[in-house]
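Analysis of the macromolecular model
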Amino acid sequence: MLDLFTEQILFTEQISSALCSGSAMASCRNVPSRGIANGGRQIGLVSTKPTRHCFRNSGVGRKIPRSSASRFAVTRRLIAIKAVSIIDAPAQSSSRPSNLEQELRDLKILQAKLRAAETQREKNQIINQQRRVASFLERNETLKDLLDFESLEERQFYLLKCLVAIGQEHVLLVEQSWLDLKQGPENGGQSRCSSPLKNAIYALLSMIENWEKTGNYAKSPTFLNLKIGENSVKTVNAKNKSCKEEISHAMDKLLSTLEDVETFYDCIGGIVGYQVAILELILASKNEWHSLSSQYHQDFSDASSLNEFHVPLGPDLSKNIEYAAQAAVWGIEGLPELGEVYPLGGSGDRLGLIDKETGHSLPVAMLPYCGRTLLEGLIRDLQAREFLYYKTYGKQHITPVAIMTSAAKDNHKHIMALCEKHNWFGRGRRSFQLFEQPLVPTVDAEEGKWVKSEPFKLVLKPGGHGVIWKLASDKGIFDWFYSHGCRSATVRQISNPVAATDVTLLALAGTGLRNGKKLGFASCQRSVGASEGVNVLLERNTMAGFWEYGLTCIEYTEFDKLGIIDAPVSPGSVQAQYPANTNVLYVDLATVERIGSSKSEASLPGMILNLKKPINYEDYLGVKHSIYAGRLECTMQNVADSLFTSFPYRCFSKVQENLDTFIVYNERRKVTSSAKRERKAMDKSLHQTPDGSLLDIMRNAYDLLVSCNIQMDKVEDNTLYLNSGPPFLVFLHPALGPLWEVIRQKFRGGSIANGSELQLEIAEFSWVDVQLDGSLIILAKNIMGFEKSSENEDAMLHYGQKCGKCRLQNVKIENKGVDWKSSENVYWQHKVERLETVKILLHGNAEFDARDVVLKGDHLFEVPDGHRLQITTGDSGLSSTMEPLIDEMSICGSWHWKYMLHNSHFNLEMVQL
């Protein structure tokens with residue numbers, strides 16, 4: 001149980017935090033206070049402003065305003081009066097090693113013993129011999145009585161002992177205030193108040209009252225006796241049924257979490273191995289541990305090898321146009337052999353995405369971006385490539401998609417609901433596999449103590465996207481891909497909406513397929529000082545005399561440890577010497593399956609512990625905490641660390657041609673422009689925000705349309721966006737291409753005035769000499785084909801049939817368009833107020849043709865399925881003709897684009913019936 005001196009510190013800090021959260025005491029918000037991350041230990045700060053947090057030992061100090069400091073001192077003095085006899089009292093929890101290095105050595109010995117054990121019985125014997133476990137059982141009725149109950153399984157006992165053995169017994173200890181709150185007022189307890197200040201004061205007074213009644217700090221009633229199987233609980237202050245159920249439920253959830261950690265991290269020793277990795281990384285960050293295990297750093301800092309980092313070489317798709325075109329064709333040809341992988345398990349805390357109806361946090365995949373969720377955007381990009389494949393080869397193909405989700409912010413439930421809402425996007429349920437990654441404990445930045453929000457309840461986060469290979473192996477995802485004929489896959493993250501722009505993704509996949517590579521990176525330029533990893537060519541001379549080479553990724557948090565200098569490519573340049581890692585990948589499925597199923601440390605590549613960002617959580621009293629903490633994360637791109645090629649001699653040139661790994665380059669905004677964080681008010685930086693990503697999409701649209709001889713204003717510096725928004729809004733459905741070479745043949749000439757809006761949700765489209773000054777929206781219900789369902793089967797999208805079509809030639813559009821002065825506009829969501837617009841709605845295979853006309857003001861043209869509407873200039877203005885599509889035209893329409901390949905380039909021909 002918690003010693004009362006620790007409880008005294010805990011509740012003091014909760015009161016300080018509650019005082020700081022009150023609107024009437026706003027000046028107190030900068031007062032340093034400490035959280036309850038490890039059951040009351042002083043590990044971090046509690047504040048409403050996480051950017052101001054620091055640690056006791058960090059050497060960072062702040063000047064405290066006199067008024068807030070005096071309030072804080074009074075609170076301290078109040079507790080000190082009651083705690084005089086407690087300060088020198090013997091600790092009630094097991095002693096904690098003051099030397100993290102010795103702690104790590106001890107746990108590594110335990111880790112080795114447990115990994116060598118062949119049966120659960122052997123593991124039990126080993127864990128029972130641990131000093132901490134024996135001491136804890138002797139002193140705490142909680143776990144001791146638990147072991148007497150036959151209803152608790154042997155495995156569950158073992159998991160709890162592991163928790164104690166790694167020094168996390170505080171998770172099992174219970175604060176009296178928690179019991180009082182769980183009992184409820186009808187049983188003499190206290191309901192949780194709406195005010196954090198009231199909660200903290202109640203908890204403090206309750207604790208002080210107990211001291212006064214007992215007259216002895218050691219008699220505070222915090223012991224529990226649990227019987228999980230029958231939900232029975234006996235405790236001094238927990239005699240009612242609701243409290244019993246609360247405790248039983250909380251313990252069940254804790255055991256479930258421990259089982260997940262023990263099972264998933266079996267390759268490094270389960271719970272004990274997880275903590276070993278944590279301590280190694282903490283010590284490495286403090287430069288206190290110089291014999292880092294190579295299993296966590298892939299020999300980068302192993303003294304047995306000499307490492308050199310080089311800039312990797314690869315084709316630049318923006319400059320080598322012929323290679324880009326050829327590689328993209330290879331990618332289209334190989335589409336039936338490709339799967340798609342989306343790691344969507346991240347919690348995306350920096351986006352601050354909230355469901356307005358429920359008030360609950362939402363995962364990144366649900367971000368409403370450019371008129372749809374980010375997940376819908378990824379599926380649209382994939383369908384655009386499938387549509388291109390159909391138009392090129394006349395064959396229908398549906399790519400299997402594997403999505404890694406998590407329980408963070410109900411991620412898995414939201415993604416499942418979104419897919420069901422959209423009828424699995426016309427792809428069928430069987431073309432998707434959703435597999436859920438486990439949540440892992442967060443740890444404080446000082447000593448690796450697991451953060452808890454209340455007794456038995458850990459603060460959990462996803463363990464990084466690098467778990468995807470092992471998890472996919474465990475869940476049978478690779479076999480599922482093989483059953484669909486896939487041998488490779490492309491991988492992209494949800495927060496990067498531009499990765500499929502033009503040739504990028506197709507050329508990456510084509511290069512890998514054509515050359516039989518195992519892993520490929522799509523990369524681009526990186527700015528000096530950017531908070532993003534880099535791709536490098538690692539050259540390693542081992543003590544055995546061999547030279548090893550391979551492309552890999554180094555996270556920016558690891559630069560100092562590995563001696564990487566973030567220098568410019570040339571003096572005075574802002575471009576860094578090493579290119580950016582974008583997590584846009586090509587993988588050979590059999591290769592990553594072999595690594596993921598290896599039952600070794602390699603199956604969890606690139607383990608890192610990022611302690612530079614605060615973690616926010618709310619405790620059982622309603623007090624909000626923000627502390628510097630992290631969790632063990634893996635990085636999926638570092639699966640490359642298992643793909644080094646060995647040579648008996650040093651290679652000085654062309655070594656990359658013989659490697660299993662490769663890299664391709666393109667313009668940055670065609671490879672990555674992430675939407676990872678919310679832009680705060682008055683924030684002048686748009687980096688990694690949805691706003692910044694939108695501007696990159698507009699810049700891409702400008703580059704594309706100007707190459708079609710369309711006159712329009714350039715997107716200037718980001719600072720102009722802050723004052724007036726983007727110069728225009730252009731949203732083009734990817735099925736218009738997705739290759740720009742294809743799109744250029746659908747657009748020819750004309751102009752788009754500054755302040756205009758163009759939205760095209762259509763694939764069969766022709767624009768010839770169109771002048772747009774205002775808003776034009778074209779929405780086809782059947783963009784790439786039509787959905788057809790059969791008995792007991794999901795509706796499936798049939799490409800190329802019954803598509804909506806539109807042709808505009810020598811058309812001038814003038815209207816008031818977007819109300820750029822409206823305060824309701826959210827440009828990156830494509831949520832704007834309009835004064836006037838020309839909107840064309842095409843149902844089914846409807847067609848719209850306009851030639852030699854001027855469309856002024858507000859217009860809505862809605863064409864029913866199976867009809868064509870023609871707009872021309874008549875004697876008294878506009879002349880319109882509506883006619884049905886008959887015979888063959890009822891299926892194929894009156895015209896369509898024919899795609900032809902010639903010398904790796906696409907030629908389009910308009911075929912009219």
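For every chain, the first residue of the written sequence is number 1, and numbering continues from 1 along that sequence. Under the rules for a predicted model, residues below a pLDDT of 70 receive no local features and side-chain atom pairs below 80 are neither given nor counted, while totals for whole chains, interfaces and linings still include all residues. Heavy atoms throughout the structure, all of them, feed into the side-chain values; hydrogens and water do not.

The protein chain is annotated in an unreviewed UniProt entry as UGP3 UDP-glucose pyrophosphorylase 3 from Cupressus sempervirens.

This next bit is on the overall build of the protein chain. Segments assigned H or I by DSSP are reported as helices when at least four residues long, segments assigned E as strands when at least two residues long, and all are numbered from the N terminus. Across its full length, the protein chain carries 24 helices and 38 strands. Under the scheme applied here, a residue whose accessible area is under 20% of the maximum for its type counts as buried, over 50% as exposed, and between as partly exposed, the area being computed with a 1.4 Å probe on protein chains only. Counting the 913 residues in the protein chain, one finds 58% classified as buried.

Quick look at the pattern of salt bridges now. Close approach of charged atoms lets side chains of opposite charge pair. What counts as a salt bridge is simple: a side-chain nitrogen of Lys or Arg found within 4 Å of a carboxyl oxygen of Asp or Glu. Applying the stated criterion across every chain yields a total of 34 salt bridges. Linking E757 and R834 is a salt bridge whose minimum nitrogen-to-oxygen distance equals 2.7 Å. With E757 in strand β26 (residues 757-761) and R834 in the loop between β31 (805-814) and β32 (838-842), this residue pair connects regions lying 77 residues apart in the sequence. Residue E757 is classed as buried on the basis of its relative accessible area of 0%. Within this structure, D266, K470 and D474 form a network of salt bridges that share partners.

Turning to the sheet that holds β31, a few remarks are in order. When DSSP finds two or more bridges between a pair of strands, those strands are recorded as paired. The sheet built from seven strands is open, its strands ordered β23-β25-β27-β31-β33-β35-β36 with mixed pairing. Because the sheet does not close on itself, it has two edges, and the strands there are β23 (711-712) and β36 (877-884). Both strand β33 (residues 847-856) and strand β35 (residues 867-874) contribute to a ladder of four bridges, which runs parallel. For F848, the partnering residue across the bridge sits in β35 and is L869.

Taken together, the buried positions of helix α5 (residues 131-139) are occupied by R132, V133, F136 and L137. Buried residues of α5, seen end-on, are gathered within an arc of 125° and therefore sit on one face of the element. Across α5 from its buried face, at more than 90 degrees, point the exposed residues R131 and E138. Directions drawn from the helix axis to the C-beta atoms are what define this arc.

Attention now goes to the packing of helix α4 (residues 120-128) against helix α7 (residues 154-165). In the contact formed by α4 and α7, the axes pass within 10 Å of each other and the chain directions differ by 35°. Of the two elements, α4 crosses α7, and the hand of that crossing is left-handed. On α7, the residues that touch Q120, K123, N124, I127 and N128 of α4 are E154, R155, Y158, K161, C162 and A165. Partitioning the contact of α4 with α7 into residue classes produces four nonpolar, three polar and four charged. Angles shown run from 0 to 180 degrees and are taken between the N-to-C directions of axes, each axis being a line fitted to C-alpha atoms and, for helices, limited to the stretch in contact. Each helix crossing is assigned a hand: it is left-handed if the near helix lies turned anticlockwise from the far helix by less than a right angle, otherwise right-handed if that turn is clockwise. Any two residues whose heavy atoms approach within 4.5 Å at even a single point are treated as in contact. Here the term charged refers only to Asp, Glu, Lys and Arg, the term nonpolar to Ala, Val, Leu, Ile, Met, Phe, Trp, Tyr, Cys and Pro, and the term polar to all other amino acids, Gly among them.

Let us now look at the side chain of S894. When you line up the elements, S894 lands in the loop between α24 (889-892) and β37 (895-902). Residue classification places S894 among the buried residues on the basis of a relative accessible area of 3%. Identification of polar contacts relies on pairs of N or O atoms within 3.5 Å, with a donor-acceptor requirement for protein atoms, meaning one able to donate a hydrogen and the other able to accept it, and with residues adjacent in sequence counted only if both atoms are side-chain atoms. A distance of 2.5 Å separates the side chain of S894 from the side chain of E847, its partner in a polar contact. In contact with S894, other than residues within four places in its own chain, are R807, E847, R868, L885, M889, V911, Q912 and L913.

Bringing the packing of aromatic side chains into the picture now. The pairing test for Phe, Tyr and Trp rings, Trp by its six-membered ring, is centres within 6.5 Å, and the orientation test on the planes gives stacked under 30 degrees, edge-to-face over 60, and tilted for anything in between. Applying the stated criterion across every chain, the model contains 18 aromatic pairs. With a centroid separation of 6.0 Å and an interplanar angle of 55°, the aromatic rings of Y586 and F662 are classed as tilted. Separated by 76 residues along the polypeptide, Y586 in strand β18 (residues 580-588) and F662 in strand β22 (residues 661-665) bring together distant segments of the chain. Taking relative accessible area as the criterion, Y586 reaches 1% and is therefore assigned buried. F662 gets classed as buried once you look at its relative accessible area, which sits at 6%. Here F747 and W767 contribute two aromatic rings whose centre-to-centre distance is 5.7 Å and whose plane-to-plane angle is 40°, an arrangement assigned as tilted. One end of the pair, F747, is in strand β25 (residues 747-752); the other, W767, is in strand β27 (residues 764-773), with 20 residues separating them in the sequence. What makes F747 buried here is its relative accessible area of 1%. A connected cluster of aromatic rings, assembled from ring pairs, spans F264, Y265, Y274 and W450.

To qualify as a nonpolar core, a set must consist of buried Ala, Val, Leu, Ile, Met, Phe, Trp, Tyr and Cys residues joined through side-chain atoms within 4.5 Å. Within the largest apolar cluster, 126 residues are counted, with the highest numbers of intra-cluster contacts made by L375, F747, F765, W767, L776, L808 and F848. With nine residues, the single largest contributor to this core is helix α14 (residues 374-393). The split into domains, and so the bounds of each, comes from an automatic or database assignment of domains. Counting only domains with at least three residues in this core, you end up with domain 2 (307-671) and domain 3 (690-912). Setting aside residues up to four positions removed in sequence, F765 forms contacts with L736, K746, F747, L760, I778, C806, L808, W895 and W897. Core analysis: the second largest hydrophobic core is formed by 102 residues, V164, C267, I268 and V623 among them.

Moving on, we come to the UniProt feature "coiled-coil region" (unreviewed entry) in the protein chain. UniProt positions are given in the numbering used here, feature names are shortened, and annotations may be inferred rather than shown by experiment. Within this numbering scheme, the UniProt entry marks residues 100-129 as carrying the feature "coiled-coil region" (unreviewed entry). The annotated region residues 100-129 carries 87% helix and 0% strand content, and the separation between its end C-alpha atoms amounts to 21 Å.

Moving on: the packing of helix α13 (residues 321-333) against helix α18 (residues 504-515). The N-to-C vectors of α13 and α18 enclose an angle of 75°; their axes lie 7 Å apart at closest approach. If you check the angle between α13 and α18, you find them roughly perpendicular. Across from Y323, A324, A327, A328, W330, G331 and I332 in α13, the residues of α18 making contact are L506, A507, G510, T511, L513 and R514. Broken down by class, the residue content of the contact of α13 with α18 amounts to nine nonpolar, three polar and one charged. Oblique is the label for any angle not covered by the other classes, which are roughly parallel (under 35 degrees), roughly antiparallel (over 145) and roughly perpendicular (65 to 115).

As a further point, take the pairing of β25. The side chains of a regular strand alternate, first on one face of the sheet and then on the other. Judged from the two bridges that link them, β23 and β25 form a sheet pairing that is parallel. Looking at the pairing, M712 lines up with I752 of β25. Judged from the five bridges that link them, β25 and β27 form a sheet pairing that is parallel. Bridge pairing in β27 places G750 opposite V770.

Moving on: the sheet that holds strand β28 (residues 775-780). What the five strands build is an open sheet, ordered β24-β26-β28-β32-β34; its pairing is parallel. For this open sheet the edge positions go to β24 (729-732) and β34 (859-863), each flanked by a neighbour on one side alone. Put simply, the sheet's adjacent strands are angled 10° from each other on average, direction ignored. With five bridges connecting them, β26 and β28 associate as parallel partners. When the sheet's bridge partners are listed, E761 is paired in β28 with L779.

The residue A701 is located in helix α21 (residues 690-706) in this model. With a relative accessible area of 7%, A701 lands in the buried category. It is 7.9 Å that separates the C-alpha atoms of A701 and F731, two residues lying 30 residues apart in sequence.

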